[in-house]
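Residue strings, one per chain:
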Amino acid sequence: MAEAFEHRKGPDRRKLPRGGRREEDVPGFAPLVLVVGKGETALSQSEAVLARLKFAVTTSGTVEEALRVMSGIRPDVVVAESEAASRIRLEAPEHVPVVEMNGDMRGNPDALIEGIRQAIRANQKGTR
């Protein structure tokens, strides 16, 4: 049997977790993030960044729509502007972590991702 040619230029990373996962994260877990906002550009940018990092993403243009669909899609975390985040925390049908998008997160995708990861990890620790 002939040996297969090695195409990789670096170390074999196939068995390493992706998307910034840590060893304590639930294996095979692709968090569903519900992004709530009015601006089409902000929604599409957030969706693109999150999808690239292997998050499952859905969007909602209004708080009313987000609250209506939340019980059906059961997101792992909700990302919303300050006013919308406050209302979602009060009216959500079940306990879902809500990340309030601030100015730093709008300009820095890494800050947004870190806020989402912290919310998910805090929620997972609270349910175990």
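Only a predicted model underlies this, so the values are computations on that prediction, with no experimental measurement involved.

Novice: I keep staring at the overall build of the protein and nothing clicks. Help me out?
Specialist: Scanning the protein from terminus to terminus reveals five helices and four strands. Listing each helix as α and each strand as β along the protein from the N terminus yields β-α-β-α-β-α-β-α-α. Expressed as a percentage of its 128 residues, the buried residues of the protein come to 33%. By element, 51% of the accessible surface of the protein is carried by carbon and sulfur atoms, the whole surface being about 8700 Å².

Novice: Is there a simple way to think about the environment of Glu65 in this case?
Specialist: Looking at the secondary structure, you find Glu65 in helix H2 (residues 63-73). Owing to a relative accessible area of 30%, Glu65 belongs among the partly exposed residues under this scheme. In this structure, the C-alpha to C-alpha distance between Glu65 and Val36, residues 29 residues apart in sequence, is 9.0 Å. A distance of 3.4 Å separates the side chain of Glu65 from the side chain of Ser60, its partner in a polar contact.

Novice: Honestly, H2 in this entry has me stumped. Any pointers?
Specialist: Within an α-helix, residues lying three or four positions from one another point in the same direction, as the helix has 3.6 residues per turn. Taken together, the buried positions of H2 are occupied by Val63, Ala66, Leu67 and Met70. Projected down its long axis, H2 carries its buried residues within an arc of 100°, all on one side. Exposed side chains of H2 directed beyond 90 degrees from the buried face belong to Arg68 and Gly72. Looking at the buried positions of H2, the neighbouring elements they touch are strand S1 (32-36), strand S2 (56-60), strand S3 (77-80) and helix H3 (82-91). Positioned one or two residues after H2, Arg74 has a phi angle of 45°, which is positive.

Novice: Sorry, what's going on with the pairing of S1 here?
Specialist: Two faces, one strand: in a regular strand the side chains alternate between the faces of the sheet. The buried count for S1 comes to five of five residues, which makes it a mostly enclosed element. Of the two faces of S1, the one lined by Leu32, Leu34 and Val36 and the one lined by Val33 and Val35 are each fully buried. Judged from the five bridges that link them, S1 and S2 form a sheet pairing that is parallel. Pairing of Val36 across the sheet is with Ser60, part of S2.

Novice: How should the layout of surface pockets be read in this particular structure?
Specialist: Any empty space left between the atoms is revealed when a probe the size of a water molecule rolls over them. Quantified by volume, the largest pocket comes out at close to 280 Å³. Lining of the largest pocket is provided by 19 residues; of these, Val36, Gly37, Lys38, Glu81 and Ala84 occupy positions nearest its centre. The set of elements that each furnish at least two residues to the lining of the largest pocket consists of S1, helix H1 (40-52), H2, S3 and H3. When its residues are assigned to classes, the lining of the largest pocket shows nine nonpolar, five polar and five charged.

Novice: I would appreciate a short explanation of the side chain of Ser60 in the present structure.
Specialist: Tracing the backbone shows Ser60 in strand S2. Ser60 gets classed as buried once you look at its relative accessible area, which sits at 2%. Side-chain polar atoms of Ser60 contact the backbone nitrogen of Ala66, separated by 3.1 Å. If near-sequence neighbours (up to four positions away) are discounted, Ser60 is found in contact with Leu34, Val35, Val36, Gly37, Leu43, Glu65 and Ala66.

Calculation rules
Residues numbered from 1 in each chain as written. Predicted model: local features only at pLDDT ≥ 70, side-chain atom pairs only at ≥ 80, totals over all residues. Heavy atoms only, no water. Helix = DSSP H or I, 4+ residues; strand = E, 2+ residues; numbered from the N terminus. Buried < 20%, exposed > 50% of the residue type's maximum accessible area, 1.4 Å probe, protein only. Areas by Shrake-Rupley, 256 points an atom, 1.4 Å probe, with all protein chains shown as cover. Polar contact = N/O pair within 3.5 Å; in protein donor to acceptor, adjacent residues only side chain to side chain. Arc of directions from axis to C-beta. Contact = heavy atoms within 4.5 Å. Pairing = 2+ DSSP bridges. 1 Å grid on protein atoms, 1.4 Å probe; cavity = no way out; pocket = protein on both sides within 12 Å on 5 of 7 lines; lining within 4 Å. Points joined across faces, edges and corners; volume = space filled by probe spheres on them. Nonpolar A, V, L, I, M, F, W, Y, C, P; charged D, E, K, R; others polar.

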